[in-house]
Amino acid sequence: MGDPIRVLHVDDEPDFLDLVATMLEDEIDRATVERATTASEALDLLERRVDCVVSDYEMPGMDGIDLLVAVRDRHPDLPFVLFTGTGSEDVASTAAAHGATDCLSKGAGSEQYALLADRLTEAVRKQGIHSTVSTPS
């Protein structure tokens, strides 16, 4: 087993942060999830070791696209997934244009968290951050 995957999750809804952290820690072997309720808090947490970022789009102050741009300025290759309740194609297109690794809808049901876990695991593998990252069987 390798090092844990360190996910930074950014969302202005603390209860949702807790839910996603629980789901990701269940879905990804040895995952740890740092939580931030604002983009500025997330940027401060980037000073710690983080393997990937998951961010909501609609947040007060700096939105998810603005956060993506700021993350890309500091860490151009860090996997970044926009995980949003705003499922518009415009948001996804803008995220892709700014270098998002993926854009997923929050949706309902546990399958969205499994999909998020799979996408994060694959993105981290592709970056070569952890060669032993795996999802439990």
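Keep in mind that this is a model prediction, so the values were computed, not measured.

1. Observations concerning helix α3 (residues 64-74)
Phase 1 of the analysis: Along α3, the positions that sit buried rather than exposed are Gly64, Ile65, Leu67, Leu68, Ala70, Val71 and Arg72.
Phase 2 of the analysis: Against β1 (5-10), α2 (39-45), β3 (52-55), β4 (80-84) and α4 (89-97) lie the buried residues of α3.
Phase 3 of the analysis: The opening residue of α3, the one whose side-chain oxygen lies 3.0 Å from the backbone nitrogen of Ile65, is Asp63.

2. A closer look at the confidence of the model for the chain
Low pLDDT means the predicted atomic positions in that stretch should not be read closely.
Phase 1 of the analysis: Counting all residues, the mean pLDDT for the chain is 88, and 91% of those residues have values of 70 or more.
Phase 2 of the analysis: Considering only residues more than four positions removed or in separate chains, one finds that residues 130-137, a stretch of pLDDT under 50, has 26 contacts.

3. Digging into the sheet that holds β1
Phase 1 of the analysis: Here five strands make up an open sheet; going across it, the order is β2-β1-β3-β4-β5 and the pairing parallel. Edge strands, defined here as strands with exactly one partner in the open sheet, are β2 (31-36) and β5 (102-105). Taken over all neighbouring pairs, the strand axes of this sheet differ in orientation by 20° on average, direction set aside.
Phase 2 of the analysis: Direction of pairing for β4 relative to β5: parallel, over a ladder of four bridges. Following the sheet pairing, Phe83 is matched in β5 by Leu104.
Phase 3 of the analysis: Relative to the sheet, helix α1 (residues 14-27) contacts β1, β2 and β4, its axis offset from that of β2 by approximately 170°.

4. Things to note about the packing of α1 against helix α5 (residues 111-127)
Phase 1 of the analysis: Running from N to C, α1 and α5 cross one another at 65°; their axes reach a closest spacing of 9 Å. Like other packed secondary-structure pairs, α1 and α5 cross with a definite hand, here right-handed. Residues Phe16, Leu19, Val20, Met23, Leu24 and Glu27 of α1 form the contact with α5, whose own contacting residues are Tyr113, Ala114, Leu116, Ala117 and Leu120.
Phase 2 of the analysis: Residues of the contact of α1 with α5, tallied by class, amount to ten nonpolar, no polar and one charged.

5. Structural notes on α5
Phase 1 of the analysis: Between its terminal C-alpha atoms α5 stretches 24 Å, which fits the 24 Å expected from 17 residues at 1.5 Å a residue.
Phase 2 of the analysis: Those residues of α5 lying buried are Gln112, Tyr113, Leu116, Ala117, Leu120, Thr121, Ala123 and Val124.
Phase 3 of the analysis: Elements in contact with the buried residues of α5: β1, α1, β3, β4 and β5.
Phase 4 of the analysis: In the stretch just after α5, Gly128 is the one whose phi turns positive, near 75°.

Rules used in this analysis
Residues numbered from 1 in each chain as written. Predicted model: local features only at pLDDT ≥ 70, side-chain atom pairs only at ≥ 80, totals over all residues. Heavy atoms only, no water. Buried < 20%, exposed > 50% of the residue type's maximum accessible area, 1.4 Å probe, protein only. Helix = DSSP H or I, 4+ residues; strand = E, 2+ residues; numbered from the N terminus. Contact = heavy atoms within 4.5 Å. Polar contact = N/O pair within 3.5 Å; in protein donor to acceptor, adjacent residues only side chain to side chain. pLDDT = per-residue confidence, 0-100. Pairing = 2+ DSSP bridges. Axes fitted to C-alpha atoms, helices over the stretch in contact; angles between N-to-C directions. Left-handed = near helix turned anticlockwise from the far one by under 90°. Nonpolar A, V, L, I, M, F, W, Y, C, P; charged D, E, K, R; others polar. Expected span 1.5 Å × (residues − 1).

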